[in-house]
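Report on the structure
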Amino acid sequence: MDSFQYTRARTITEAIGIAAQANTAQQGAPVRFLAGGTTLVDLMKLDVERPTRVVDINKLGLDAIERTADGGLRIGALVRNAALAHDPAVVRDYRVLSEALLSGASAQLRNVATTSGNLLQRTRCMYFRNTAMACNKREPGSGCSAIDGENRTLAILGTSSHCIATNPSDMNVALAALEATIHVQGTRGIRAIAFQDFHLVPGDTPHRETVLEPGDLVTHITLAPPHPGATSRYLKLRDRASYEFALASAAVVVEAASGRFRYVRLAMGGIGTKPWRMTAAEQVLTGAAVDEGAIRQAATVALRDARPQSENGFKVELAQRCLAHALRLATGMASV
Ligand code: SF4
């Protein structure tokens, strides 16, 4: 690990100012905000992340979960994953988010990892974490070892010839289905970013994973009030039952009435280069009868643009089955 300068910020303005000043003075040399550290510190030990300055934001007080005036939820950037998963309002009104959080990592990690850290969680592509291997995401222009290498766990949606890495977060999949809003403060002021616009597909710049600019700080996330009558579920399929990343996962938020889908929001994880919203499948289901035929058709449509790699063709059917069963769970057509 390289040496770096550590600073504990006392206010948001101070944290942003330090990052902006360091970026200017050191011509883009990396500055990183430190929250739970469950991703950043690991990657620093591996020499994948090599910041010259680390700004600790744990004393900024961004750790509250509060009701908004319209009945939604405001989640501070530093709320720990465990606290969010077990918050009574989340358990009652946003079950998909609670289930997604509890399916990720381990109890110990969830006690430390934060909402903003999870939002910005970096890929688990093994070549990204190995500095002896070529990786365009870690070192732009060096190549992608995964395309002709071991890619069983990697993406089938949103890939490019430069990168096929998956976004590893479960929480992000739930937030995509809940149409969350990300609130950011930086040198350009305060911005609100729709969740679907926050993460980027790799294209020819896989090192750019979000629309954040250097020095931008995520302050909180907001959720709209729960849709009346909607139920939500998260289903995760993986190689082992715990402490494992998704091969395919599905977050579904649905309202059904008189035997028909009235409101449908779907997102999937483990298969996309970003948390993947399934809008075409939503359109198939909206207004359709709640039955096996509609669910299977939606699952087929959801994966029609999939482009499997050499080792992960199995993910197409796995993801279809995952989405279909999550819909059965949310509509009461299945109980387990
Ligand atoms: Fe790097 Fe992306 Fe290729 Fe993995 S898939 S080696 S992260 S460029």
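A quick note: this is a predicted structure, and the numbers were derived from the prediction, not measured.

With that settled, the discussion passes to the overall build of the chain. In terms of regular secondary structure, the chain is built from 12 helices and 12 strands. Taking 20 Å as the expected radius of gyration for a compact globule of 336 residues, we find that the chain reaches 20 Å, a close match to that expectation. In terms of overall dimensions, the chain has a C-alpha envelope of 60 × 50 × 35 Å along the principal axes. The buried share of the chain, taken over its 336 residues, is 52%. Within the chain, contacts between residues at least 6 apart in sequence are counted, and of these 62% link residues at least 24 apart. As displayed, the chain offers around 14800 Å² of accessible surface, 49% of which is attributable to carbon and sulfur atoms. Both charge centroids of the chain, one from 37 positive and one from 31 negative side chains, sit 2 Å from each other.

Within the open sheet, the 4 strands sit side by side as E9-E10-E11-E12. Their pairing is antiparallel. The strands lining the two open edges of the sheet, one partner per strand, are strand E9 (231-237) and strand E12 (276-277). Pairing of strand E11 (residues 260-269) with E12, which is carried by 2 bridges, proceeds in the antiparallel orientation. Bridge assignment links Ala267 to a residue of E12, and that residue is Arg277. Together, E9 and strand E10 (248-257) form the strand contacts of helix H5 (residues 95-102), whose direction differs from that of E9 by roughly 20°. Contacts from helix H12 (residues 314-331) reach E9, E10 and E11, with the element oriented near 35° to E10.

Under the defined criterion, the tally for this structure stands at 22 salt bridges. Notably, a salt bridge pairs Asp2 with Arg50, separated by 2.9 Å at the nearest N-O pair. Highlighted residues: Asp2 in the segment before strand E1 (5-8) and Arg50 in the loop between helix H2 (40-45) and strand E3 (53-56), separated in sequence by 48 residues. Arg122 is paired through a salt bridge with Glu49; the nearest N and O atoms lie 3.0 Å apart. Pair noted here: Arg122 is in the loop between helix H7 (115-119) and helix H8 (171-177) and Glu49 is in the loop between H2 and E3, with a separation of 73 residues, a long-range link.

What follows deals with the domain arrangement of the chain. One can read the domain layout of the chain as domain 1 (5-56) and domain 2 (231-331). Measuring from the centre of the C-alpha atoms in domain 1 to the corresponding centre in domain 2 gives 37 Å.

In this section: the site of the ligand. Near the ligand lie 14 residues; those nearest to it are Cys125, Cys135, Cys144, Cys163 and Ile164. The site holding the ligand turns out to be the second largest cavity. Its residues assigned to classes, the shell around the ligand comprises 10 nonpolar, 3 polar and 1 charged.

Let us look at the packing of helix H11 (residues 292-302) against H12. Where H11 contacts H12, the axes come no closer than 9 Å and their chain directions differ by 140°. Classified by chirality, the crossing of H12 by H11 is right-handed. Packed against H11, whose contacting residues are Glu292, Ile295, Arg296, Ala298, Ala299, Thr300 and Ala302, the element H12 presents Gln320, Leu323, Ala324, Leu327 and Arg328 at the interface. Among the residues making up the contact of H11 with H12, the classes are represented as 7 nonpolar, 2 polar and 3 charged.

Turning to the nonpolar core, a few remarks are in order. Leu60, Leu97, Leu119, Leu175, Ile182, Val218 and Leu223 are the most contacted members of the largest nonpolar core, which totals 50 residues. For this core, the element with the highest residue contribution is H8, accounting for 6 residues. Two domains each donate at least three residues to this core, and these are domain 1 (5-56) and domain 2 (231-331). Those residues in contact with Ile182 that lie beyond four places of it in its chain are Leu119, Arg191, Ala192, Ile193, Phe195, Phe198, Val218, His220 and Ile221. If you look at the next biggest cluster of nonpolar residues, it comprises 33 residues, including Ile271, Ala288, Ile295 and Ala334.

This part takes up H12. In this model H12 runs 26 Å from its N-terminal to its C-terminal C-alpha over 18 residues, within 8% of the 26 Å that 1.5 Å per residue would give. Listing the buried residues of H12 in full gives Lys315, Ala319, Cys322, Leu323, Ala324, Ala326, Leu327, Arg328, Leu329 and Ala330. Contacts from the buried residues of H12 go to E9, E10, E11, helix H10 (279-285) and H11. The positive-phi residue at the C-terminal boundary of H12 is Gly332, with phi of around 80°.

Here we come to the pairing of strand E5 (residues 73-76). As defined by bridge partners, strand E4 (residues 65-67) adjoins E5 across 3 bridges and the pair is classed as antiparallel. Its bridge partner being in E5, Ile65 is matched across the sheet by Ile75. Once E4 ends, the chain turns through 5 residues before running back antiparallel as E5, passing Gly71 with a positive phi of about 95°.

Each value, and the rule that gives it
- Residues numbered from 1 in each chain as written.
- Predicted model: local features only at pLDDT ≥ 70, side-chain atom pairs only at ≥ 80, totals over all residues.
- Heavy atoms only, no water.
- Helix = DSSP H or I, 4+ residues; strand = E, 2+ residues; numbered from the N terminus.
- Rg over C-alpha atoms; globule rule 2.2 N^0.38 Å.
- Buried < 20%, exposed > 50% of the residue type's maximum accessible area, 1.4 Å probe, protein only.
- Contact = heavy atoms within 4.5 Å.
- Areas by Shrake-Rupley, 256 points an atom, 1.4 Å probe, with all protein chains shown as cover.
- Lys, Arg positive; Asp, Glu negative; His and termini not counted.
- Charge placed at Lys NZ, Arg CZ, Asp CG, Glu CD.
- Pairing = 2+ DSSP bridges.
- Axes fitted to C-alpha atoms, helices over the stretch in contact; angles between N-to-C directions.
- Salt bridge = Lys/Arg side-chain N within 4 Å of Asp/Glu carboxyl O.
- Domains from an automatic or database assignment.
- Near = heavy atom within 4 Å.
- 1 Å grid on protein atoms, 1.4 Å probe; cavity = no way out; pocket = protein on both sides within 12 Å on 5 of 7 lines; lining within 4 Å.
- Sits in = over half its atoms within 2 Å of the grid points.
- Nonpolar A, V, L, I, M, F, W, Y, C, P; charged D, E, K, R; others polar.
- Left-handed = near helix turned anticlockwise from the far one by under 90°.
- Core = buried A, V, L, I, M, F, W, Y, C linked by side-chain atoms within 4.5 Å.
- Expected span 1.5 Å × (residues − 1).

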